[in-house]
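Structure assessment
For reference, the chains in residue letters:
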Amino acid sequence: MSNHTFNKSISIVSEKFNIASDTPGIELSVLNKRPTSMTVFSNEKTIVMVHGATYPIGSLYDVELDGFTFLDYLASHGYDVYGVDVRGYGGSTRPPEMDQPADQNPPLVRTETGVRDFGSAVDFVLKHRNLSKVNVLGMSWGGTVAGAYTSLNNNKVNKLTLIAPQWLSNKPIPIDTGGLLGSYRLVPAGTTKERWLSAAPEGKRDSLLPDGWFEKWVEATLASDPNSKTVHPEHIRATNGPILDIREYWTVGKAFYEPKDITVPVLLIHAEWDIDVPLDLAQNFFTSLTGASYRRWVEIGEGTHMVLLEKNRVQAFQAVQSFLDENYTPAGQ
């Protein structure tokens, strides 16, 4: 078996933690997966991950496709992996406003709140494993959370991986459909397939998601919100703070944080058909990472913004694993 496939022979243990946030009454759900045999923990072999603006950890990184999830893949390669749900998502506490009609409150969970929640999770892992640093990974809005966190806490980060991170845009960003923003939005998971596949060229859409994958993803996504069975059937709630930040930062030429303040090694993963973070945006972001000790771009062909859940997902997994496995320092440093 090559070093870059999922190793089914490795037993993986899964553990869930509810940790305190910096707000009374708000707890954060942290999912941990690691090899059952793991007894030694290190900065280099520990990863803390955060999700995007719509879907939580269980929907992005822990859907079992082809017999394993992204978290399983990393754990099978010797990593102690943690995924945190920011408040309002997945297993974390939802602010009380999320049980009220969306139009009664302003957008919830701005990016700065995401950064604070992510910081709470990193501090928990550092203490839990007695470490000084962890590897950090974020996708989309989570890329902003992870990037902004790292720019302020390079001393706690070993390496940073960003998958399709947000950046400045002079065009509308698809996730913002316009109109007034309530505290949260309802996302109809089961009917998103058309939008998802529409990013790919017409002749390629049928092969992007192998049989049964979309249905498994919908099931995992709906399971992440207890109200999806009763109050708003077939929909999950997603906070609108990240959308307000698109309007107040990314589409008005204002960066939420300075990429040049990141000094650790950075991996950027991007997919060819990503319409949420088009190629020029990713390129402009990459060239802004001038402070990183080294940086790498991996472009994946035949993939959309949701490449981690598509036929070429293992290419992304392998890129992350290779980057984290390597012991590399630029010459002269």
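Residues numbered from 1 in each chain as written. Predicted model: local features only at pLDDT ≥ 70, side-chain atom pairs only at ≥ 80, totals over all residues. Heavy atoms only, no water.

The chain appears in an unreviewed UniProt entry as Alpha/beta hydrolase from Paenibacillus glucanolyticus.

**Observations regarding helix H4 (residues 141–152)**
The line we're drawing: Numbering of helices and strands runs from the N terminus; a helix is a DSSP stretch of H or I covering at least four residues, while a strand is a stretch of E covering at least two. Take the residue count of a helix, subtract one, and multiply by 1.5 Å to get its expected span. Residue contacts follow a heavy-atom distance rule, with two residues in contact if any of their heavy atoms lie within 4.5 Å.
Over its 12 residues, H4 runs 17 Å from end to end, which matches the ideal 16 Å to within 8%, given 1.5 Å per residue. Check the buried side of H4 and you find it contacts strand E3 (46–50), helix H3 (111–129), strand E5 (134–139), strand E6 (157–163) and helix H8 (241–248).

**Describing empty space enclosed by the protein**
In this approach a probe as big as a water molecule rolls over the atoms, and the regions it shows empty are the leftover space. Put simply, the test is: The method works on a 1 Å grid over the protein atoms by themselves. A cavity is a set of points holding a 1.4 Å probe that cannot get out, a pocket is an open set with protein on both sides within 12 Å along at least five of seven lines, and residues with an atom within 4 Å of a point line them. Grid points are joined across faces, edges and corners, and a volume is the space filled by probe spheres set on the points. Only Asp, Glu, Lys and Arg are considered charged, only Ala, Val, Leu, Ile, Met, Phe, Trp, Tyr, Cys and Pro nonpolar, and every remaining residue, Gly among them, polar.
Under the counting rule described, the total for this entry stands at one cavity of 30 Å³ or more. Size it by volume and the largest cavity reaches roughly 30 Å³. For the largest cavity, the full set of lining residues is Thr54, Pro56, Tyr89, Gly90, Arg94, Ser224, Asp225, Ile236 and Arg237. The class makeup of the residues in the lining of the largest cavity is three nonpolar, three polar and three charged.

**Here we look at the packing of aromatic side chains**
Here a ring pair, both rings aromatic, is described through the centre-centre distance and the interplanar angle of the planes. As a reminder, the rule being used: Here the aromatic set is Phe, Tyr and Trp, taking the six-membered ring for Trp, and pairing holds for ring centres within 6.5 Å; pairs whose planes are under 30 degrees apart are stacked, those over 60 apart are edge-to-face, and all others are tilted. Burial classes: relative accessible area under 20% of the type maximum marks a residue as buried, over 50% as exposed, and values in between as partly exposed (1.4 Å probe, protein chains only). Sitting over a ring, as applied to charges here, requires NZ of Lys or CZ of Arg to be within 6 Å of the ring centre and within 35 degrees of the ring normal.
This model, assessed by the stated rule, comprises 18 aromatic pairs. Seen in terms of ring centroids, Trp167 and Trp250 are 5.7 Å apart; in terms of plane orientation they differ by 50°. Their pairing is tilted. Here Trp250 lies in the loop between H8 and strand E9 (266–271) and Trp167 lies in the loop between E6 and strand E7 (184–188), a separation of 83 residues in the sequence. According to the relative accessible area criterion, Trp167 is buried, its value standing at 8%. With a relative accessible area of 1%, Trp250 lands in the buried category. Members of the aromatic cluster, connected to one another through ring pairs, are Phe6, Tyr61, Phe68, Phe70, Tyr73 and Phe317. Arg129 extends its terminal NZ or CZ atom over the ring of Phe41, reaching a point 3.8 Å from the ring centre.

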